[in-house]
Structure formats: C-alpha cells, structure tokens
Amino acid sequence: MSLSTSIPSTFPTRLHVVYPQKAFNRKDLLPLGSDYFWEIEQGIVRSLTWNEEGQLVTLGFWGPGDVVGRRLSRIKPYQVVCLTPVQASQIPLESQSLPEALLIHACKSEELLNILHQHSAYARLLHLLEWLSYQFGQTVPQGKLLNFHLTHQDISETIGLSRVTVTRLINRLEQEGRIVRSRRNLILTTGKPSRYNE
C-alpha cells in the first residue's frame, strides 16, 4: 500500500484541541490567571466586583460556550463565582476558538449594559429576567424556568436597586402573572413577546 492511499481524503485541515474539564461547586470561585481563560462547558457563573462601600456589583452572567477570565476585565477586584455546579475548561490565550467567544462576550456585556439603562426600575427588572430566561432558561409548560437560584440581593446587585425594591417589584410581576415562583426559582410566563426571543 502506498503512503498516498493510506491518508484519508477528508483529513482535517485544523485539529480540534480538547482541553480537560474541571468541576466546581455552587459558590466556588474560578481561579483566575493572566495566561488563560475559562470556557464554561456546563453551568452558570457570575462575574463581579465590589464598590468602595463594599457592595457587590454584577458584571455579567455566563453559561455554556462563554469564556471568562481576568484578561477580559480591567476592573479590580474581579471575581467569577459559580451560581450552579460548573464544568469548565482552562484554555490558553492563543486558542483558535477565542475570537468568536470574545465577540459573544462583548455582545452579552452590551446587552446587560442596555438593561441597566432602562429608565424605570420595573423595566430594568423585567428586562433582566427576560434576558436571563433567553440566555439560560429551560422551557416548561408555563414558560421559561430560571433553573438556578438568584436571591433578591443578587438581582439588586445586578441592576442597581435596593433589595426591598426588587422584592416589591417581583411581587408585582407575580400578581400581574408575568412570573411564577417554582420552589426557590422563577418561571417567566409565556405571553407578551420579549425583545430577546423575537
């Protein structure tokens, strides 16, 4: 057999590199270094910082396919905390999959920034819940289940409202039938189309 006939004609032009996954528990912090990123394979994480008064500030929510890491932010301090059990792969800075992942990261950051600039507190909360359900929601008969626990404090840290205001607005959304509580999680009910799933 000649060498030319032993090489398959569909030989890949670029090798797909598989990086080993690491497991993290809910509330774990991802270790952050300056020479790698984390690609989220399963689960949801939140990037955050805190202000001079010591209040936490959410910078973003990230799930499967998203990339997070210290090199993506100039804000200090900077942490990435697991909201659910997480499987993530450590990938080097020169990974070929990074350009697309970084574009997605920028787009999601811009969407969250747009939510933060909604004029009313009600609109800010509703748009955040719609965005989270579009990004991470699981389809159930009533609508989209946010299958991870976000406290009212977590939400307030994301959209710059007091915890008391968030609680009052969530009660209002529930009374209006826009959300349903499912144990410790929320279901965004089907009804009016969201700007994130049209």
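Up top is the structure.
Residues numbered from 1 in each chain as written. Predicted model: local features only at pLDDT ≥ 70, side-chain atom pairs only at ≥ 80, totals over all residues. Heavy atoms only, no water.

This brings us to the overall build of the protein chain. In terms of regular secondary structure, the protein chain is built from five helices and 11 strands. Looking at the protein chain as a whole, 42% of its 198 residues are labelled buried. Look at the contacts in the protein chain between residues 6 or more apart in sequence, and 68% of them connect residues 24 or more apart. In the form shown here, the protein chain has an accessible surface area of approximately 11,900 Å², with 52% of it arising from carbon and sulfur atoms. (Helix = DSSP H or I, 4+ residues; strand = E, 2+ residues; numbered from the N terminus. Buried < 20%, exposed > 50% of the residue type's maximum accessible area, 1.4 Å probe, protein only. Contact = heavy atoms within 4.5 Å. Areas by Shrake-Rupley, 256 points an atom, 1.4 Å probe, with all protein chains shown as cover.)

So, on to the environment of I104. The residue I104 is located in helix α2 (residues 98-116) in this model. Taking relative accessible area as the criterion, I104 reaches 34% and is therefore assigned partly exposed. Distance in space between the C-alpha atoms of I104 and V67 is 8.8 Å, their sequence separation being 37 residues.

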